[in-house]
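# Summary of structural features
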Amino acid sequence: MTVDTQQEVEERVHWLPMIAAISSISVVGIAIGLGMPLLSVILETRGHSASMIGFNTAVAGFASIAGAPLATPLAMRFGVAWTMLAMIATGVLAFVGFHFAPDFWMWFPLRILLHIALTVLFILSEFWISTSAPPHRRGLVLGIYATVLSLGFAAGPWLFAHLGSTGFLPFGVIMALVTLAAIPVLAARNESPTIVSNGETSNFLRYIWLVPTATAAVLVFGAVETGGFALFPIYGSRIGYSEADAALLLTMIGLGNVLLQIPLGMISDRVSDRRYLLLACATIGLAGTIFMPHFAQNWHLMAALLFVWGGVVAAMYTIGLAHLGSQLSGHELASANAAFVLCYGVGMVLGPQAIGIGMDVFGPSGFGWALGMFFAFYIALVGARLVRKIL
């Protein structure tokens, strides 16, 4: 094979494995979007309090933190594709288990099992996508991934509205969808990447500090997305919006997330150092939180602001993942992907707590203050690293 031919092969997008990873995880996204409200509604109809439902849901964040270190060792032992197939089967069994679990305490181990499986699935899917995309198109490919995944999450609630929460039907639909997710993975199993140990026995957590610009980006995104989405309806009602208007504003954030990931991913492919783009995203995120109170009196201005803000902030995940893939490869990339998802889980835990405390202490303005704190932290981190590079 000539040098030119080898370079051409390396620069080609490996479409079959990429489509397999994206389609499988996106179908799972639909199942999550359908399943999360389904479980909450079922618990409420059984008479459980909102705090207990929230406590059971919060287990997902801790399960993600616990599951992240398992992804690389499992994939090294059994292969990426076979591990993903095993996690899909585990997720199906755990979810169907909720329907047959009569006691509330049973939902905790089922929730833990479900989210460990989902965490490993997400880590290995993103690793597979990163290794299938050539460096000059990684941002575009991950932008497509983020867009399709967002559409999957959005389709879940729509399905829930049509299926309802009674009987086995919604569980059967989830079972069918997640089983479908196994088909493309099975088809592309021979093209799944191989993770070979580099012989190091260093602590898994070191990958958090290896590319901190990427891992901190996803921590901030996890905190802002989880906390912001959970508490925005409360913030909206406290500043005078109706429940319907606040819900529509949340929809605008989701639309920005869907429509801006591919363009921002393409821009990231044309930037020599993605840290500057991540810094710009965090700066826009901070500016958005500052302007929110000033735009609150005009719904249309607020909607436009949240559309841009939601898309740019979500790009911190996409661009952070692309930056991670540009810095590492092989075993290190797989472990770093696990650290990446672990940091997202940490953000899921920190975000709702920080924003809730901020609103309790400072009133509605505490919503923006808490969000701004996460962006300011990230801006300081990236700024310091860029200054060190220049000096």
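The coordinates are above.
Figured I'd write up the structure that's included with this text. Everything numeric in this text was worked out from a predicted model, so none of it was measured. (Residues numbered from 1 in each chain as written. Predicted model: local features only at pLDDT ≥ 70, side-chain atom pairs only at ≥ 80, totals over all residues. Heavy atoms only, no water.)

Attention now moves to the overall build of the chain. When you go through the chain residue by residue, the secondary structure sums to 15 helices and zero strands. For a compact globule of 391 residues, the expected C-alpha radius of gyration is about 21 Å, and the chain comes in at 21 Å, within 12% of that figure. A separation of at least 24 residues holds for 85% of the contacts in the chain among residues at least 6 apart in sequence. A total of about 17,200 Å² of accessible surface is found on the chain, and carbon and sulfur atoms cover 70% of it. (Helix = DSSP H or I, 4+ residues; strand = E, 2+ residues; numbered from the N terminus. Rg over C-alpha atoms; globule rule 2.2 N^0.38 Å. Contact = heavy atoms within 4.5 Å. Areas by Shrake-Rupley, 256 points an atom, 1.4 Å probe, with all protein chains shown as cover.)

Turning to helix 12 (residues 274-295), a few remarks are in order. Because an α-helix packs 3.6 residues into every turn, residues spaced three or four apart end up facing the same way. Taking 1.5 Å of rise per residue, 22 residues should cover 32 Å, and helix 12 covers 30 Å from first to last C-alpha, within 8% of that figure. Roughly 25 degrees is the biggest bend found in helix 12, and it falls at threonine 289, with proline proline 293 one to four residues downstream. For helix 12, the set of buried residues is Arg274, Arg275, Leu277, Leu278, Leu279, Cys281, Ala282, Gly285, Gly288, Thr289 and Met292. (Expected span 1.5 Å × (residues − 1). Bend = angle between axes of the 7 residues up to and from the residue. Buried < 20%, exposed > 50% of the residue type's maximum accessible area, 1.4 Å probe, protein only.)

This next bit is on the environment of aspartate 273. With respect to the helices and strands, the residue aspartate 273 is situated in the loop between helix 11 (243-269) and helix 12. The class for aspartate 273 is buried, based on a relative accessible area of 9%. Sequence separation of aspartate 273 and isoleucine 290 is 17 residues, and the distance between their C-alpha atoms is 27 Å. Sequence-distant contacts of aspartate 273, that is, excluding residues within four places in its chain, are made with Leu386 and Lys389. Here arginine 275 takes part through its side chain, which lies 3.0 Å from a polar atom of the side chain of aspartate 273. (Polar contact = N/O pair within 3.5 Å; in protein donor to acceptor, adjacent residues only side chain to side chain.)

Another aspect to go through is the side chain of serine 132. On the secondary structure map, serine 132 appears in helix 6 (residues 107-132). Polar side-chain contacts of serine 132 include one of 2.8 Å to the backbone oxygen of tryptophan 128.

This part is about the packing of helix 7 (residues 138-163) against helix 11. Axis separation between helix 7 and helix 11 bottoms out at 7 Å; the angle between their running directions is 170 degrees. The pairing of helix 7 with helix 11 is recorded here as roughly antiparallel in orientation. Across from Arg138, Gly139, Leu140, Gly143, Ile144, Ala146, Thr147, Ser150 and Leu151 in helix 7, the residues of helix 11 making contact are Asn257, Val258, Gln261, Ile262, Gly265, Met266, Ser268 and Asp269. When the residues that make up the contact of helix 7 with helix 11 are grouped by side-chain class, the tally is seven nonpolar, eight polar and two charged. (Axes fitted to C-alpha atoms, helices over the stretch in contact; angles between N-to-C directions. Parallel < 35°, antiparallel > 145°, perpendicular 65-115°, else oblique. Nonpolar A, V, L, I, M, F, W, Y, C, P; charged D, E, K, R; others polar.)

Core analysis: the biggest nonpolar cluster contains 127 residues, and Phe95, Tyr145, Trp309, Phe367 and Tyr378 have the highest contact counts within it. Among the elements that take part in this core, helix 2 (residues 15-45) stands out by supplying 16 residues, more than any other. Ignoring anything within four residues of it in the chain, the contact list for tryptophan 309 reads Val224, Ile253, Ile284, Gly285, Gly288, Thr289, Met292, Leu371 and Phe375. (Core = buried A, V, L, I, M, F, W, Y, C linked by side-chain atoms within 4.5 Å.)

This paragraph deals with the pattern of salt bridges. Tallied over the full model, the rule gives three salt bridges. Between glutamate 332 and arginine 206 there is a salt bridge, and its shortest N-O distance comes to 3.2 Å. Of this pair, glutamate 332 sits in helix 14 (residues 330-362) while arginine 206 sits in helix 9 (residues 206-210); the two residues are 126 residues apart in sequence, bridging distant segments of the chain. Arginine 275 is the salt-bridge partner of aspartate 273, the closest N and O atoms lying 3.0 Å from each other. Each member of the pair, aspartate 273 together with arginine 275, is buried. (Salt bridge = Lys/Arg side-chain N within 4 Å of Asp/Glu carboxyl O.)

With that settled, the discussion passes to the environment of threonine 166. Relative to the assigned elements, threonine 166 resides in the loop between helix 7 and helix 8 (169-187). Given a relative accessible area of 64%, threonine 166 falls into the exposed group. Measuring from C-alpha to C-alpha, the distance between threonine 166 and isoleucine 42 comes to 8.1 Å, with 124 residues separating the pair along the chain.

Enumeration according to the criterion identifies twelve aromatic pairs in this entry. For the ring pair phenylalanine 100 and phenylalanine 168, a centre distance of 6.2 Å and an interplane angle of 45 degrees mean the geometry is tilted. With phenylalanine 100 in helix 5 (residues 80-100) and phenylalanine 168 in the loop between helix 7 and helix 8, the pair connects residues that are 68 residues apart, well separated along the chain. Residue classification places phenylalanine 100 among the exposed positions, given a relative accessible area of 60%. Given a relative accessible area of 35%, phenylalanine 168 falls into the partly exposed group. Here tyrosine 235 and phenylalanine 367 contribute two aromatic rings whose centre-to-centre distance is 4.4 Å and whose plane-to-plane angle is 15 degrees, an arrangement assigned as stacked. (Phe/Tyr/Trp six-rings, centres within 6.5 Å; stacked < 30°, edge-to-face > 60°.)

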